[in-house]
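Read off the chains here:
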Amino acid sequence: MKLFSDNKHQSIAEASRDADRLAQAPIAFQAVRLLWKKGILKALADSSHKGGSTIAELEQATGVSNYGLTVLLEAGLSENVVKVSEDRFRLTKVGFIILNDKTFHINFDFTHDVCYQAMFHLEEAIDKGEPSGLKVFGEWPTIYRALTSLPEPARTSWFAFDHHYSDSAFAEALEIVFGEEHSPRTLVDIGGNTGKWSLRCTNFNKDVRVTIADLPEQLKVAEENIRAAGQSERVDFFPIDLLDASASLPKDRDAVWMSQFLCCFSEQEIVSILTRAKDALKPDGTMFIMDTFWDHQDLEVSAHCLIMTSLYFTCLANGNSRMYDGKTMTRLIEEAGLELVQEHRKLGLSHSLLVCRKKQA
């Protein structure tokens, strides 16, 4: 399936329009954000029964000035967020989605609270190969060292974005990981973050014992969550910086799990991590890699969102990783001495689950 059209029948006028929209996109983004955050779209939805609202009525309903409403609503007209007839403004379908869609809200907040100011430094990040945009929040080598210290609302928006996508696929993934074909008794959760997956495992399977391997800063958060859930007897914690190529993982495990993790590393680093993760497995052990590969998407909008998220990794996360395509990840898996034995697509919102084993000699 071809995700992106080549627009070969697009006119010069249409191409010019699209190009100019890109030139104005940051301005439009902020205008639409204020239409949403200041309650203007909500007020329009509430007045839909009477054919919308005038600017004067919106001024009363929202407390935004006549001038502010005028410039924001005119921007909304240009972006097809609102429409107007006889001085009464109403929501379009786009406006309805902006007001009501949870995924849009999470994406929008992540872009504004985490990425927006940082993207001013994208060129520097590209030139240096380091996350130059992270300096808008403080001095850290990568965002992963900063997560527990990010200022609000960036911290909340980051975790909401991260969990929204992975959590949507967990239920289906659990059925695969703990199905009759695999059903591990010991599992290493690499990059376990706040411990959500590990808790899902111990709640789903009464026999599994999980080890969370992550940075010490992240393990503190995970350990608090595991303790609060009463699962400390079945979850261990293994501090590790996987950027250290000499750092080894716990050995002799039935399974290794990585969710939305390998996209946080360069290709060379991924091969190093996969090689060490392979060494953590028993001879017949299984490695599960769940991630969002942009070429595995059915919808162009999904692929677009993932590709744009690559620039977050470039500018903020670490300066050298991206949202990978499935073909590249399969190649890296093979370079690490593993073979892809199963592939499950369309888990949750946009995930694929790759099932790997040690390559046989």
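Up top is the structure these notes are about.
Residues numbered from 1 in each chain as written. Predicted model: local features only at pLDDT ≥ 70, side-chain atom pairs only at ≥ 80, totals over all residues. Heavy atoms only, no water.

Colleague: Go over the packing of helix α5 (residues 93-100) against helix α6 (residues 102-115) with me, naming the residues and quoting the values.
Modeller: It is at 6 Å that the axes of α5 and α6 come closest, and there the two elements cross at 75°. With respect to α6, the axis of α5 lies roughly perpendicular. Residue-level contacts link I97, I98, L99 and N100 of α5 to K102, F104 and H105 of α6. Per-class residue counts for the contact of α5 with α6 are four nonpolar, two polar and one charged. (Axes fitted to C-alpha atoms, helices over the stretch in contact; angles between N-to-C directions. Helix = DSSP H or I, 4+ residues; strand = E, 2+ residues; numbered from the N terminus. Parallel < 35°, antiparallel > 145°, perpendicular 65-115°, else oblique. Contact = heavy atoms within 4.5 Å. Nonpolar A, V, L, I, M, F, W, Y, C, P; charged D, E, K, R; others polar.)

Colleague: Give me the lowdown on the side chain of D325, citing residues and values where you can.
Modeller: Secondary-structure assignment places D325 in the loop between α12 (300-317) and α13 (326-335). Among the polar contacts listed, one links the side chain of D325 to the side chain of T328, at a separation of 2.8 Å. The contact partners of D325, leaving out residues within four places of it in the chain, are F293, W294 and D295. (Polar contact = N/O pair within 3.5 Å; in protein donor to acceptor, adjacent residues only side chain to side chain.)

Colleague: Summarise the packing of aromatic side chains; cite the residues concerned and give the values.
Modeller: Scanning all chains against the criterion turns up 14 aromatic pairs. Ring plane angle 85° and centroid distance 5.7 Å describe the contact between W36 and F108, whose orientation is recorded as edge-to-face. Remark: F108 occurs in helix α6 and W36 occurs in helix α1 (residues 12-37); sequence separation between them is 72 residues. Residue classification places F108 among the buried positions, given a relative accessible area of 8%. Both rings, one in F110 and one in F161, keep their centres 3.8 Å apart while their planes meet at 10°; by these two values the pair is stacked. You can see F110 sitting in helix α6 and its partner F161 sitting in helix α8 (residues 154-177), a full 51 residues away along the chain. Assessed through its relative accessible area of 16%, F161 is described here as buried. Among the aromatic side chains, those forming a connected cluster through ring pairs are F29, W36, F104, F108 and Y116. For K37, the ring lying beneath its charged end belongs to W36, and the centroid distance is 4.2 Å. (Phe/Tyr/Trp six-rings, centres within 6.5 Å; stacked < 30°, edge-to-face > 60°. Buried < 20%, exposed > 50% of the residue type's maximum accessible area, 1.4 Å probe, protein only. Lys NZ or Arg CZ within 6 Å of the ring centre and 35° of its normal.)

Colleague: Explain unusual backbone geometry to me, and be specific about the residues and the numbers.
Modeller: Omega for the peptide link from E152 to P153 comes to 5°, which places this bond in the cis form. Relative to the helices and strands, P153 is located in the loop between α7 (122-128) and α8. Of note, E86 is a non-glycine position whose phi angle comes to about 50°, a positive value. When you line up the elements, E86 lands in the loop between β1 (82-85) and β2 (88-91). Phi angles above zero are rare outside glycine, and K346 is one such case at about 65°. Structurally, the position occupied by K346 is in strand β8 (residues 338-347). The exposure class of K346 is exposed, given its relative accessible area of 59%.

Colleague: I'd like to hear about the sheet that holds strand β7 (residues 281-291), residue by residue, with values.
Modeller: In space, the seven strands of this open sheet follow the order β5-β4-β3-β6-β7-β9-β8, with mixed pairing throughout. A single partner strand is all that each edge strand has here, and the edge strands are β5 (235-239) and β8. Shown here is a sheet whose adjacent strand axes are inclined to one another by a mean of 20°, direction ignored. The sheet contact formed by β7 and strand β9 (residues 351-358) spans five bridges and is antiparallel. The residue bridging M287 from the neighbouring strand is C356, located in β9. Relative to β7, helix α11 (residues 267-279) is tilted by about 140°, and along the sheet it contacts β3 (186-190), β6 (253-259), β7, β8 and β9. Of the strands in this sheet, β7, β8 and β9 touch α13, which is tilted by about 150° from β8. (Pairing = 2+ DSSP bridges.)

Colleague: I'd like a description of the environment of L147, backed by residues and values.
Modeller: In this fold, L147 is placed in the loop between α7 and α8. The exposure class assigned to L147 is buried, which follows from its relative accessible area of 2%. Separated by 71 residues in the primary sequence, L147 and Q218 place their C-alpha atoms 8.0 Å from one another.

Colleague: Explain the pairing of strand β4 (residues 209-214) residue by residue, including any values.
Modeller: Along β4, five of the six residues are buried, which leaves the element largely enclosed by surrounding structure. Strand direction decides the pairing type here: β3 and β4, joined by five bridges, are parallel. Its bridge partner lying in β4, T186 is registered against R209. For the segment spanning β3, helix α9 (residues 196-204) and β4, crossover handedness is right-handed. In this fold, β4 hands off to helix α10 (residues 216-228), which returns the chain to β5; that crossover is right-handed. (Right-handed = clockwise from strand over helix to strand, strands pointing away.)

Colleague: Please give an account of the pairing of β3 that cites residues and values.
Modeller: Of all five residues making up β3, four are buried, and the element is well covered by its neighbours. Of the strand pairs in this sheet, β3 and β6 are connected by four bridges, and their pairing is parallel. Residue pairing in the sheet places I190 in a bridge with M258 of β6.

Colleague: So what's going on with the pattern of salt bridges? Which residues, and what values?
Modeller: Counting across every chain of the model gives 21 salt bridges. Notably, a salt bridge pairs E223 with R227, separated by 3.9 Å at the nearest N-O pair. Highlighted residues: E223 and R227, both in helix α10, separated by four residues, approximately one helical turn. Note that K282 and D254 form a salt bridge whose closest N and O atoms lie 2.9 Å from each other. One end of the pair, K282, is in strand β7; the other, D254, is in strand β6, and 28 residues separate them in sequence. On the basis of relative accessibility, which here comes to 19%, the residue D254 falls in the buried class. (Salt bridge = Lys/Arg side-chain N within 4 Å of Asp/Glu carboxyl O.)

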